[in-house]
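Now for the letters of each chain:
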Amino acid sequence: LYATPAGKQVLALDEVAYLKIMAEALGEAERPWRQTREPLTDLAARVKALPHYCRVAQQVAWTDPRLAVQHRDVALAELARAQLALALIAYRNETGRWPWRLYQLRWVLDWELPQDPFTGWDLDYMPEGEGWVLYSFGPDLQNDGGEGLPGAPDAYGAAASDLVWRRR
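Since we're looking at a predicted model, the values are computed, not measured.

Thoughts on the overall build of the protein
Counting its regular elements, the protein contains five helices and three strands. Taken from the N to the C terminus, the helices and strands of the protein come in the order α-α-α-α-α-β-β-β. Long-range contacts, defined here as pairs at least 24 residues apart, represent 51% of the contacts in the protein between residues at least 6 apart. Of the accessible surface of the protein, which amounts to about 9,800 Å², a share of 57% is contributed by carbon and sulfur atoms.

See the structure below:
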């Protein structure tokens with residue numbers, strides 16, 4: 001079918017649809033999850049609504065970029081957590097106690113602190129007993145008060161909770 005003149009035109013239309021969609025997806029993928037969640041969801045709906053002749057763009061060539069963007073930001077949250085854990089330990093070594101708030105790390109250590117990639121703000125932190133709780137709001141962008149399990153929730157934020165790290 002695609003070898004005929006009409007088939008070549010259909011294939012060209014399919015290719016144009018694919019290239020437009022992927023260009024938009026790549027442009028959105030450069031931004032953080034909090035900014036791309038809705039546009040990429042809209043893009044996914046538009047892919048499903050493509051005309052019937054755009055089979056390659058719909059079925060073969062489409063990979064949902066929401067998953068990649070979300071996993072990238074989960075990895076950035078893990079990196080931020082590791083950096084803050086080191087800063088918290090350095091603060092305790094310097095002062096003999098855990099800070100009450102993260103901004104104290106800036107004052108004592110004079111370090112630039114990483115931000116939560118999901119919210120764009122500082123990670124949430126609370127002293128807890130002899131340790132602390134440090135958490136990102138996660139892909140659902142909701143503050144669940146540090147409740148949740150370590151690791152990434154599902155790809156689209158359904159039943160998602162905070163990404164939590166505890167030191168006891």
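Focus: the side chain of Gln 104
In this structure, Gln 104 sits in helix H5 (residues 103-109). Judged by relative accessible area, which is 14%, Gln 104 ranks as buried. There is a polar contact of 2.5 Å between the side chain of Gln 104 and the backbone nitrogen of Trp 100. If we ignore the near neighbours within four places in the chain, the residues touching Gln 104 are Tyr 91, Arg 97 and Pro 99.

Some thoughts on helix H2 (residues 33-48)
With 16 residues, H2 ought to run about 22 Å at 1.5 Å a step, and its terminal C-alpha atoms sit 21 Å apart, in line with that. Of the residues making up H2, those classed as buried are Trp 33, Thr 36, Leu 40, Leu 43, Ala 44 and Val 47.

Here we look at the pattern of salt bridges
Enumeration over the complete set of coordinates arrives at six salt bridges. Note that Arg 46 and Glu 24 form a salt bridge whose closest N and O atoms lie 2.5 Å from each other. In this pair, Arg 46 sits in helix H2 while Glu 24 sits in helix H1 (residues 5-29), placing the two residues 22 residues apart along the sequence. When its relative accessible area of 41% is taken as the criterion, Arg 46 is described as partly exposed. For Asp 122, the salt bridge goes to Arg 106, with nearest N and O atoms at 2.9 Å. Placement of the pair is Asp 122 in the loop between H5 and strand E1 (124-128) and Arg 106 in helix H5, with a sequence separation of 16 residues. You can call Arg 106 partly exposed: its relative accessible area is 28%.

Here's the deal with the pairing of strand E2 (residues 131-136)
Along any regular strand the residues' side chains alternate between the sheet's two faces. In terms of burial, E2 is largely enclosed, as six of its six residues are buried. Bridge count for E2 against strand E3 (residues 163-167) is five bridges, and the pairing is antiparallel. In the sheet register, Leu 134 faces E3, and the bridge partner there is Trp 165.

The rules we used
- Residues numbered from 1 in each chain as written.
- Predicted model: local features only at pLDDT ≥ 70, side-chain atom pairs only at ≥ 80, totals over all residues.
- Heavy atoms only, no water.
- Helix = DSSP H or I, 4+ residues; strand = E, 2+ residues; numbered from the N terminus.
- Contact = heavy atoms within 4.5 Å.
- Areas by Shrake-Rupley, 256 points an atom, 1.4 Å probe, with all protein chains shown as cover.
- Buried < 20%, exposed > 50% of the residue type's maximum accessible area, 1.4 Å probe, protein only.
- Polar contact = N/O pair within 3.5 Å; in protein donor to acceptor, adjacent residues only side chain to side chain.
- Expected span 1.5 Å × (residues − 1).
- Salt bridge = Lys/Arg side-chain N within 4 Å of Asp/Glu carboxyl O.
- Pairing = 2+ DSSP bridges.

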